[in-house]
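A look at the structure
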Amino acid sequence: MTSKAVERAITLLDVLVSAPHGLDRNQIRHRVPQYSQASSEAAFERMFERDKDVLRSVGLDLISHRVQHSEVGLPIVLRPVTAHP
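Residues numbered from 1 in each chain as written. Predicted model: local features only at pLDDT ≥ 70, side-chain atom pairs only at ≥ 80, totals over all residues. Heavy atoms only, no water.

Thoughts on the packing of aromatic side chains
Here is the rule we go by: Here a pair means two rings of Phe, Tyr or Trp (six-membered ring of Trp) with centres within 6.5 Å. Their orientation is stacked below 30 degrees between planes, edge-to-face above 60, and tilted elsewhere. Only DSSP runs of H or I reaching four residues or more are called helices, and only runs of E reaching two or more are called strands; each is numbered from the N terminus. Think of it in three bands: with a 1.4 Å probe and only protein chains considered, a residue is buried below 20% of the maximum accessible area for its type, exposed above 50%, and partly exposed in between. Both a distance and an angle decide whether a charge sits over a ring: NZ of Lys or CZ of Arg must be within 6 Å of the ring centre and within 35 degrees of the ring normal.
Going through the model one piece at a time under the given rule, you end up with three aromatic pairs. Look at Tyr35 and Phe48: their rings are 5.8 Å apart centre to centre, the planes differ by 75 degrees, and that puts the pair in the edge-to-face class. Within this pair, whereas Tyr35 is found in helix α3 (residues 33-36), its partner Phe48 is found in helix α4 (residues 41-57), the two being separated by 13 residues in sequence. Per residue, the accessibility class of Tyr35 equals that of Phe48, and both read buried. Geometrically, the ring pair formed by Phe44 and Phe48 is stacked, given 5.6 Å between the ring centres and 10 degrees between the ring planes. Pair noted here: Phe44 and Phe48 are both in helix α4, with a separation of four residues, about one helical turn. Judged on exposure class, the residue Phe44 and its partner Phe48 are both buried. Members of the aromatic cluster, joined through ring pairs, are Tyr35, Phe44 and Phe48. Taking NZ or CZ as reference, Lys52 lies 4.8 Å from the ring centre of Phe48, over its face.

Structure, rendered in structure tokens:
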């Protein structure tokens, strides 16, 4: 894993922790600078999936659930729920 990938995963963690009620994918994409610079939606999705796997590999559970209303129209919310030592 490159240092840029580590930095991006840490930035994702920071963004998620700072939003206790969760964020949808579009909000996450705009808050993580490396995601907003992705050349395409597919590139963003690949980075995001890799980074979620990194966070899971260090014991952080991420959940996603449907919400009734999302200001940006994307119903998936992701948030960290439990850290395991």
